[in-house]
Amino acid sequence: MIRRLAWFVLCLPFMVVALHTAVRILRHFHKFPMPQFLANLIDNPFRRRVQPPAEMPLRHGIEPGMIVLEVGPGNGRYSIETARRTGESGKLITIDIEPKMIERVQQRAQAEGVRNLEAKVANVFNLPFEDSMFDAIYLITVIGEIPEPERAFKEFYRILSPAGLLAFSEMLTDPDYPLAQTLVRMADRANFKLKKKIGNFFAYTLIFEKQL
């Protein structure tokens, strides 16, 4: 029994790596939004330590009074903190293609008394917003889920104000994790330039601004 347990403990890291690799391969060929039933699974203590919810709005350059767009809110933990950061004079709009995910965020905002948060169903390739509407746009471990990110970048450019910020936060444990240089090249093709990088290979935040 002890030998079996020891063998399992020794093999566990390799099993985790193998599973993670298999999921990455699957996601590479088949992009799809995160199902809502997994929202709480990815909101775990390890992620909250690497990407602290209360700290992420600061990393993304969010200031009070900003009008902010979040793409892919998950269970809404980061949405709540960003909305609080924008304050009464600001607003967070968060979008997802999955209606049940949006319902979850709406319920959370209502339960926590956050009134400057609007959650709505929307397609990132055809965003229902006016040109130059947002002061900031951010995505946390989401860009890899989008099957044609170049199309999304074009929409981000359209709806972001001339002085606006576009932020991406990624971590290696995410099956859709992109290398930082991959995002930089993609952003450059969409006429964004890198303004700031925070973090390292394992977890990073990139902040871009528009090239006018």
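Attention in this report is confined to the structure presented alongside it. (Residues numbered from 1 in each chain as written. Predicted model: local features only at pLDDT ≥ 70, side-chain atom pairs only at ≥ 80, totals over all residues. Heavy atoms only, no water.)

### A look at the overall build of the protein
Applied cut-off: The helix count covers DSSP runs of H or I at least four residues long, the strand count covers runs of E at least two residues long, and both are numbered beginning at the N terminus. To sort residues, take the accessible area from a 1.4 Å probe on protein chains only and compare it with the maximum for the residue type: under 20% means buried, over 50% means exposed, and anything in between is partly exposed.
Helices and strands together make up the secondary structure of the protein, namely 8 helices and 7 strands. Of all 212 residues assigned to the protein, the portion counted as buried reaches 45%.

### Considerations on the pairing of strand β1 (residues 67-71)
Worth spelling out the cut-off: A pair of strands counts as paired when DSSP detects no fewer than two bridges linking them. With its strands directed away from the observer, a crossover is right-handed exactly when the path from the first strand over the helix to the second travels clockwise.
Counting buried positions along β1 gives 4 out of 5 residues, so the element sits mostly inside the fold. The pairing of β1 with strand β2 (residues 91-96) spans 5 bridges and is classified as parallel. Paired with isoleucine 67 across the bridge in β2 is lysine 91. Read as a crossover between parallel neighbours, the route from β1 over helix α5 (residues 77-86) to β2 is right-handed. Where β1 meets strand β4 (residues 134-140), 3 bridges bridge the pair, whose relative direction is parallel. Bridge assignment links leucine 69 to a residue of β4, and that residue is isoleucine 137.

### Points about the sheet that holds β1
Each strand in a sheet pairs with another by means of backbone hydrogen bonds, the pair being arranged parallel or else antiparallel. Quick note on the threshold: Helix axes are fitted only over the stretch in contact, all axes being lines through C-alpha atoms; the angle between N-to-C directions runs from 0 to 180 degrees. Any two residues whose heavy atoms approach within 4.5 Å are treated as being in contact.
The strand order across the open sheet built from 7 strands is β3-β2-β1-β4-β5-β7-β6, with neighbouring strands paired in mixed fashion. Two strands bound the open sheet, and with one partner strand each, they are β3 (117-121) and β6 (192-199). Strand-to-strand twist in this sheet, taken as the mean axis angle between neighbours without regard to direction, amounts to 20 degrees. Across the sheet, helix α7 (residues 149-159) is in contact with β1, β4, β5 (160-171), β6 and β7 (203-210); its angle to β5 comes to roughly 140 degrees.

### Some points on the nonpolar core
Selection criterion: In this description, a nonpolar core means a group of buried Ala, Val, Leu, Ile, Met, Phe, Trp, Tyr and Cys residues linked to one another through side-chain atoms lying within 4.5 Å.
Leu69, Ile137, Leu139, Phe153, Phe156, Leu166 and Phe192 are the most contacted members of the largest nonpolar core, which has 32 residues in total. Residue assignment for this core shows that the elements contributing at least two residues are β1, β2, β4, α7, β5, α8 (180-189) and β7. Look past the residues within four positions of leucine 69 in its chain and what remains in contact with it is Leu92, Ile93, Ile95, Leu127, Phe129, Phe134, Ala136, Ile137, Tyr138 and Ile159. Ile80, Val114, Tyr138 and Leu165 belong to the second largest nonpolar core, which has 20 residues in total.

### A word on a nonpolar patch on the surface
Basically, it comes down to this: Candidate patch residues must exceed 30% relative accessible area and have no salt bridge, after which like charges are joined if within 9 Å and Val, Leu, Ile, Met, Phe, Trp or Tyr side chains if within 5 Å. Residue exposure ignores everything except the shown protein chains as possible cover, and the areas themselves are Shrake-Rupley values with a 1.4 Å probe. Just to be clear on terms, a salt bridge is a Lys or Arg side-chain nitrogen sitting within 4 Å of an Asp or Glu carboxyl oxygen.
Together, Leu179, Phe201 and Phe202 make up an exposed nonpolar region whose accessible area comes to about 310 Å². Mapped onto the elements of the fold, phenylalanine 202 is located in the loop between β6 and β7. On the basis of relative accessible area, phenylalanine 202 is assigned to the exposed category, the value being 54%.

### Brief notes about the environment of glutamate 150
Structurally, glutamate 150 is set in helix α7. On the basis of relative accessibility, which here comes to 40%, the residue glutamate 150 falls in the partly exposed class. Considered as a pair, glutamate 150 and methionine 186 are 36 residues apart in the sequence and their alpha carbons are 7.0 Å apart.

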